[in-house]
Amino acid sequence: ANLAGSIALVTCREPLRSSVSTHLRQLLISNAGSSEKLTEQEQNVIEQCVQICATDNLELGCMLIEKAATEKAVRDVDEALAQSLNARRKHREQTGQP
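Thresholds applied
- Residues numbered from 1 in each chain as written.
- Predicted model: local features only at pLDDT ≥ 70, side-chain atom pairs only at ≥ 80, totals over all residues.
- Heavy atoms only, no water.
- Helix = DSSP H or I, 4+ residues; strand = E, 2+ residues; numbered from the N terminus.
- Rg over C-alpha atoms; globule rule 2.2 N^0.38 Å.
- Buried < 20%, exposed > 50% of the residue type's maximum accessible area, 1.4 Å probe, protein only.
- Contact = heavy atoms within 4.5 Å.
- Salt bridge = Lys/Arg side-chain N within 4 Å of Asp/Glu carboxyl O.
- Patch = residues over 30% accessible without salt bridge, like charges linked within 9 Å, V, L, I, M, F, W, Y side chains within 5 Å.
- Areas by Shrake-Rupley, 256 points an atom, 1.4 Å probe, with all protein chains shown as cover.
- Polar contact = N/O pair within 3.5 Å; in protein donor to acceptor, adjacent residues only side chain to side chain.
- Expected span 1.5 Å × (residues − 1).
- Bend = angle between axes of the 7 residues up to and from the residue.

Caption draft 1: Structural context of the overall build of the protein chain. When its secondary structure is counted, the protein chain shows two helices and zero strands. Computed over the C-alpha atoms, the radius of gyration of the protein chain is 24 Å, more than 25% above the 13 Å expected from 2.2 N^0.38 for a compact globule of 98 residues. Viewed in the frame of its principal axes, the protein chain has a C-alpha envelope of about 80 × 20 × 15 Å. Of all 98 residues assigned to the protein chain, the portion counted as buried reaches 14%. The contacts of the protein chain with a sequence gap of at least 6 include a subset with a gap of at least 24, amounting to 71%.

And the structure:
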């Protein structure tokens, strides 16, 4: 389970940064008017805002992804072992032996 979380953490960082940056940039530009009407200074301010916000929220996003991957791995392992555990429990109840 920990391995799944670690792998998710390593593989999600740059795609998450890129996705957050793209969506935030589109949102800010659409609310400011079309990008053709923005001055160079306005475009620079938007880009700085996008970079700062993406960087500030990257760790939170990665932690959430890592947690979700770990929880899913635990559920998957529990489901995979459930039948075997039930069979052992039933055998132990019937025979008194492990």
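Caption draft 2: Representation of the pattern of salt bridges. Evaluation of the coordinates by the stated rule reveals five salt bridges. The shortest N-O distance in the salt bridge between Glu47 and Arg25 comes to 2.8 Å. On the criterion of sequence distance, the pair formed by Glu47 in helix 2 (residues 40–95) and Arg25 in helix 1 (residues 2–32) is long-range, its members being 22 residues apart. Exposure remark for Arg25: the relative accessible area of 24% places this residue in the partly exposed category.

Caption draft 3: Just a nonpolar patch on the surface, in detail. A cluster of nonpolar residues, Leu60, Met63 and Leu64, forms a patch on the protein surface that exposes about 310 Å² of accessible area. Locating Leu64 in the fold gives a position in helix 2. Leu64 gets classed as exposed once you look at its relative accessible area, which sits at 53%.

Caption draft 4: Representation of the side chain of Ser21 within the structure. Note that Ser21 resides in helix 1. Note on Ser21: relative accessible area 7%, which makes it buried. There is a polar contact of 2.9 Å between the side chain of Ser21 and the backbone oxygen of Arg17. Every residue in contact with Ser21, bar those within four places of it in the chain, is listed here: Val50, Gln51 and Ala54.

Caption draft 5: Molecular detail of helix 2. Taking 1.5 Å as the rise per residue, helix 2 with 56 residues should run 82 Å; its terminal C-alpha atoms sit 80 Å apart, in good agreement. Approximately 45° is the largest bend angle found in helix 2, and it occurs at Ala82. Regarding helix 2, the residues found buried are Ile46, Val50, Ala54, Leu58, Gly61, Cys62 and Ala73. Close packing links the buried residues of helix 2 with helix 1. A positive backbone phi angle near 75° is found at Gly96, which sits one or two residues after helix 2.

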